[in-house]
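Read off the chains here:
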Amino acid sequence: MCGTCGCGDRHHHESDHEHPYDHSHSHEENRMIVVEQDILQRNNLLAERNRGYFEAKNIFCLNLMSSPGSGKTTLLEETIRQMKNRKPVYVIEGDQQTSNDADRIAASGVPVFQVNTGTGCHLEASMINHALKHLNPEENALLFIENVGNLVCPALFDLGEAEKTVIVSTTEGDDKPLKYPYMFKEASVCIINKTDLAPYLNTRIDTLRENCLKVNPHLRIFEVSALKNTGMEEWCNWLATAR
Amino acid sequence: MHELSVAQSIVESAEREARNHHATLIEELELEIGALAGVDWDALDFALESAIKGSLLEDARIIRQIIAGEGRCGDCENLFPVENLLSACPVCGSYAVKIVKGKELRIKSITVK
């Protein structure tokens, strides 16, 4: 198709048809083709397919993103322990290498699929699409996607989730949202983890919370210590009822 | 280093578009990237250098247009230039700012032979 006028492959502009505008571009020499396409279009389209799948099966999908070591897997383990009798829970684990996290999740008794990205620094919608075919989650389930530990890259890639969830722990300091605003701007939910350690650190939870809201005033924030099981009830109640 | 994924997507999309037009070579690629898109130019240049090898884009001239950020205040509706994601509204001081421009990641056009 001709990108300038949209006519067919065989171009005989003088005789085949008339254009109501100047149509002097040449097809033999260099041609300028207007593309106007989103660079991440393929990912975004696949993400929408995933989203449609979740919607049809009434699956509530959360994309968990954070720095390495913020406690995503511990949070998941505790969440699974408290949620698995309330709802079917499934997990897609993303890491560059190893199945360590998938093994931990499998031990907590829910179906899990490990995606190893190799050198990749984030999950993409195609990987979730592939993982779903293996996991085949049942209707009305909760699906957690644990993204690769990275507070930058995953923010850019829609996976089809209902809620982008950023986890920040008190050990990372209270200015993380200001240093990595893209992630906090994209997220709709924020979990402040390791609140039990705050008294031993220079981190002030209220400052951390303020900084989160400065970047994104619409963030829904939960304060928890997954390890000590504090604040988990509010988070789990929200998971049980959110849509 | 998500710029590598971005670079690969650029090459895939540009090549697909060129092949749809039965082109054998892309001479020029025009990109429109928002200043707030979360893409580092140096990293993207570096990633593109390797991503275009052996592709129709190998010898293409790459033109980059940067789209400046613009935000609308959610409280007072003021429209103002935004340089980073932490910009408060200069009129009312609110942080409830919606980015309306500057997050673009687009292939604008290609020139083919």
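Use the structure listed above.
Keep in mind it's a predicted model, so treat the numbers as computed, not measured. (Residues numbered from 1 in each chain as written. Chains lettered and ligands numbered in written order. Predicted model: local features only at pLDDT ≥ 70, side-chain atom pairs only at ≥ 80, totals over all residues. Heavy atoms only, no water.)

Engineer: In this structure, what is going on with the overall build of chain B? I would like to understand it.
Structural biologist: Secondary structure summary: chain B contains two helices and six strands in total. Listing every helix and strand of chain B by position from the N terminus yields α-β-α-β-β-β-β-β. The C-alpha radius of gyration of chain B comes to 17 Å, more than 25% above the 13 Å expected for a compact globule of 113 residues. Along the longest, intermediate and shortest principal axes, the C-alpha atoms of chain B span 55 × 25 × 15 Å. Per-residue burial for chain B yields a buried fraction of 51% across its 113 residues. In chain B, once contacts between residues fewer than 6 apart in sequence are set aside, the share between residues at least 24 apart is 72%. Approximately 5500 Å² of chain B is accessible, and the part contributed by carbon and sulfur atoms is 48%. The average position of the 12 basic charges and that of the 19 acidic charges among the side chains of chain B differ by 4 Å. (Helix = DSSP H or I, 4+ residues; strand = E, 2+ residues; numbered from the N terminus. Rg over C-alpha atoms; globule rule 2.2 N^0.38 Å. Buried < 20%, exposed > 50% of the residue type's maximum accessible area, 1.4 Å probe, protein only. Contact = heavy atoms within 4.5 Å. Areas by Shrake-Rupley, 256 points an atom, 1.4 Å probe, with all protein chains shown as cover. Lys, Arg positive; Asp, Glu negative; His and termini not counted. Charge placed at Lys NZ, Arg CZ, Asp CG, Glu CD.)

Engineer: What is the right way to look at the interface of chain A and chain B in this model?
Structural biologist: Frequently, the measure chosen for interface size is the accessible area removed from exposure when the parts meet. Opposite the 32 residues of chain A that make contact, chain B presents 39 residues. Buried surface at the junction of chain A and chain B, both sides included, amounts to about 3100 Å², of which 58% is carbon and sulfur. Our count for the contact surface shared by chain A and chain B stands at three salt bridges. Between Lys103(B) and Glu186(A) there is a salt bridge, with the nearest N and O atoms lying 2.6 Å from each other. Where chain A touches chain B, the interface holds 15 residue pairs in polar contact (both at pLDDT 80 or more). Of all the secondary structure elements, the ones that give two or more residues to the side of chain A that touches chain B are strand 1 (31-38), helix 6 (181-186) and helix 7 (205-215) of chain A. No other element matches strand 1 of chain A, which puts eight residues into the side of chain A that touches chain B. Sheet topology note: the strand 1 of chain A/strand 6 (residues 105-112) of chain B ladder contains six bridges and is antiparallel. (Buried area = accessible area lost by both parts, 1.4 Å probe. Salt bridge = Lys/Arg side-chain N within 4 Å of Asp/Glu carboxyl O. Polar contact = N/O pair within 3.5 Å; in protein donor to acceptor, adjacent residues only side chain to side chain. Pairing = 2+ DSSP bridges.)

Engineer: Can you walk me through the packing of aromatic side chains in this structure?
Structural biologist: Here the distance between the centres and the angle between the planes together describe a pair of aromatic rings. All names here are of chain A. Under the defined criterion, the tally for this structure stands at five aromatic pairs over all chains. Judged by centre distance (5.9 Å) and plane angle (70 degrees), the rings of Tyr-53 and Phe-54 are edge-to-face. Summarising the aromatic geometry, the rings of Phe-222 and Trp-238 are spaced 5.5 Å apart at their centres and angled 45 degrees between planes, so their arrangement reads as tilted. A residue pair is termed long-range when its members are at least 10 positions apart, and Phe-222 in strand 8 (residues 220-223) and Trp-238 in helix 8 (residues 232-241) qualify at 16 residues. Each member of the pair, Phe-222 together with Trp-238, is buried. Site record: aromatic cluster; members linked through ring pairs are Phe-60, Phe-222, Trp-235 and Trp-238. (Phe/Tyr/Trp six-rings, centres within 6.5 Å; stacked < 30°, edge-to-face > 60°.)

Engineer: Would you mind showing me how to read the pattern of salt bridges here?
Structural biologist: If the charged atoms of two oppositely charged side chains come close together, the side chains can form a pair. Residue and element names in this part refer to chain A. Applying the stated criterion across every chain, the model contains 17 salt bridges over all chains. Between Glu-161 and Lys-164 there is a salt bridge, and its shortest N-O distance comes to 3.2 Å. The burial state of Glu-161 is the same as that of Lys-164; both residues are buried. Here the salt bridges do not stand alone but share partners, grouping Glu-48, Arg-51, Asp-158, Glu-161 and Lys-164 into one network.

Everything listed is a geometric property; what it means functionally is a separate question.
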